[in-house]
Amino acid sequence: MEFKESARLYEEAKKYTPGGVHTSIRNLEPHLIFKKAEGAYIYDADGNKYIDYQGAFGPYILGHNNPYVNNKVIEALGRTDLYGTGTTDLEIELAQKICKHVPSAEQVLFCNSGSEATFHAIRLARAVTKRVKLIKFQGCYHGWHDYVARNMLSSWDMIGKRDPGSAGMMEEAIDNTLVCTFNDLEDVESTIKSNDGEVAALIIEPIPHNIGCIMPQPGFLEGLRKLCDEHGIILIFDEVITGFRHDIGCYQKVAGVTPDLTTMGKAMANGFPIAAIAGKKQYMQRFNTQPGGDVWFAGTYNGHAVGTAASIATLEMMENEPVHEHVFRLGEKMRSGLRDILKRLDIESYVAGFGSVFTTYFMGFEPKNYSDLQHNDAVFYVAYRRALMEKGIFKLPMNMKRNHISYSHTDKEIDYTLECIEDVLRVMKG
Ligand code: PLP
């Protein structure tokens, strides 16, 4: 595979943009310039074609450039756009759908990114409880803002320690965010007790997909719900990845645990920019979109016709077609195919996943939290994904990254991917 045109264009990109990319995590070797995306496939500037499992970090539940969604967006733009006052019919229709499907959503507000949604959820929780501290989990990602940008992909010696994600963060914000271990209820309980009456909210990815796929152990999410109830803490499920990808009612519907607030984005609109915060009416009414509300909520582009029309269309597809049935079946096929290959080749591994999400950790047991992932062979993990890329299978060549299957993937892509995986692993094993 050649990347000459990508390399040439990347030199141009670097002249005008620091590092030539517009999100830090995009700065990976080789620097690909993408030109086309369709269904399960993406194409780079050299004409290389890839089956896409990266799915732009998760939005593409239906696949790239879905004609139904695109047409709905074009149709909407033929008659409407953005007003900066009042409400659009599209906003009402989308809000109705979300409140119908998502258990925790009695009311909903739209914004433009997952980071905005988590920011608003935390600010609301602080206003409701009149407390300041926040609990998050090591390895979970909730966006780039100061409240949450700590202890994500920490180096092993920094697990659970004070590990800010960025220079320039407010010291106070870092210190008011406490870090717990996923799947460890005792740790959460003792953190709450040693910060008695000070914890406003607990935010969690119900499945931490930002480190691949760590499943909540039976009773863990229920236990968090109970602890939050006992201590007057607002429980926030950050379903920016899991929401709509795992069920039209989000993962909370599958788990049977209802948080107080939910943040959503990504698969909500199949790649178009929109996000949401939803939750109990008694809390949502505190936002100052409601007369008398005292928690500020604003945004010039909130509820833009592009995002709302795309989201309505995406949810309509989920309502009317077997989207989840399809991606769950292919996810299971991928995982069982992977297990067979890894067993045949006698490679120490754990195939993880849920529904359309999968990954293979190169370690001998099921990881239950971030610390366990120290046992994953990161060098092998990245080399494996890079070798697959050379065969036209796009999985982000980065440690702990997950893969996504969309409604556009078919048995053909899964079979071909499994063939390539067996070839690559056989060579790598030597
Ligand atoms: N929450 C989770 C679970 C995420 O994975 C992300 C982004 O990857 C965010 C929040 C932030 O979303 P955005 O990148 O749209 O700001």
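For the structure, see preceding data.
Each value, and the rule that gives it
Residues numbered from 1 in each chain as written. Predicted model: local features only at pLDDT ≥ 70, side-chain atom pairs only at ≥ 80, totals over all residues. Helix = DSSP H or I, 4+ residues; strand = E, 2+ residues; numbered from the N terminus. Rg over C-alpha atoms; globule rule 2.2 N^0.38 Å. Buried ≥ 20, exposed ≤ 12 C-beta atoms within 10 Å, placed from the backbone. Pairing = 2+ DSSP bridges. Expected span 1.5 Å × (residues − 1). Arc of directions from axis to C-beta. Near = placed C-beta within 6 Å. Nonpolar A, V, L, I, M, F, W, Y, C, P; charged D, E, K, R; others polar. Axes fitted to C-alpha atoms, helices over the stretch in contact; angles between N-to-C directions. Parallel < 35°, antiparallel > 145°, perpendicular 65-115°, else oblique. Left-handed = near helix turned anticlockwise from the far one by under 90°. Contact = placed C-beta atoms within 7 Å.

Novice: Looking at this structure, how should I read the overall build of the protein chain?
Specialist: A tally of helices and strands in the protein chain yields 13 helices and 14 strands. Scaling as 2.2 N^0.38, a compact globule of 430 residues should have a C-alpha radius of gyration of about 22 Å, and the protein chain matches this with 21 Å. Based on the C-alpha atoms only, the size of the protein chain along its principal axes is roughly 65 × 55 × 45 Å. Taking all 430 residues of the protein chain together, 47% fall into the buried category.

Novice: Even after reading the chapter, I still don't get the sheet that holds strand β1 (residues 34–38), so can you show me in this structure?
Specialist: Sheet strands line up and pair through hydrogen bonds in the backbone, either parallel or antiparallel. Read across the sheet, four strands follow the order β1-β2-β3-β13 without closing on themselves; strand pairing throughout is mixed. The open sheet has two edge strands with one neighbour each: β1 and β13 (393–394). Pairing of β1 with strand β2 (residues 41–44) involves four bridges; the strand directions are antiparallel. Paired with Ala37 across the bridge in β2 is Ile42.

Novice: Any chance you could explain helix α7 (residues 220–231) here in plain terms?
Specialist: For an α-helix, the turn length of 3.6 residues means that residues three or four places apart are oriented alike. An ideal rise of 1.5 Å per residue puts 16 Å on twelve residues; α7 measures up with 16 Å between its terminal C-alpha atoms. Residues Phe220, Leu221, Leu224, Leu227 and Cys228 constitute the buried set of α7. One face of α7 carries all of its buried residues, which in axial projection span an arc of 120°. Residues of α7 that are exposed and angled more than 90 degrees away from the buried face: Asp229 and Glu230. Positive phi shows up at Gly232, right after α7, with a value of about 65°.

Novice: Explain the site of the ligand to me, please; I cannot follow it from the model alone.
Specialist: Near the ligand there are 15 residues, and of these Ser113, Gly114, Ser115, Gly143 and Val240 occur at the shortest range. For the shell around the ligand, the leading source of residues is helix α4 (residues 114–129), giving three residues. Broken down by class, the residue content of the shell around the ligand amounts to five nonpolar, eight polar and two charged.

Novice: Can you help me understand unusual backbone geometry in this one?
Specialist: Most peptide bonds take the trans form, and the phi angle of most residues other than glycine is negative. In this model, Glu29 is joined to Pro30 through a cis peptide bond whose omega is -15°. Tracing the sequence through the fold places Pro30 in the loop between α1 (4–16) and β1. You will see that Lys130, though not glycine, has its phi angle at about 55°, which is positive. As for its placement among the helices and strands, Lys130 is situated in the loop between α4 and β5 (133–137). Given 7 C-beta atoms within 10 Å, Lys130 falls into the exposed group. One non-glycine residue with positive phi stands out, namely Asp346, at about 55°. What makes Asp346 exposed here is the crowd of 8 C-beta atoms within 10 Å.

Novice: Looking at this structure, how should I read the sheet that holds strand β9 (residues 261–264)?
Specialist: Across the sheet, seven strands lie side by side as β4-β10-β9-β8-β7-β5-β6; this open sheet has mixed pairing. Bordering the open sheet on either side are β4 (107–111) and β6 (177–180), each of which pairs with just one other strand. Ignoring strand direction, the axes of neighbouring strands in this sheet form an average angle of 20°. The pairing of strand β8 (residues 234–239) with β9 spans four bridges and is classified as parallel.

Novice: Which parts of the structure should I look at to understand the packing of helix α12 (residues 378–390) against helix α13 (residues 411–429)?
Specialist: Packed helices, taken two at a time, are described by the angle between their axes plus the distance between the axes. Look at α12 against α13: their axes get within 10 Å of each other, and the N-to-C directions meet at 130°. Taken together, the axis directions place α12 and α13 in an arrangement best described as oblique. The way α12 lies across α13 gives a crossing that is right-handed. When α12 is examined against α13, the residues Ala383, Tyr384, Ala387 and Leu388 are found in contact with a partner set consisting of Cys420, Ile421, Val424, Leu425 and Met428. Here the contact of α12 with α13 is built from residues that sort into nine nonpolar, no polar and no charged.

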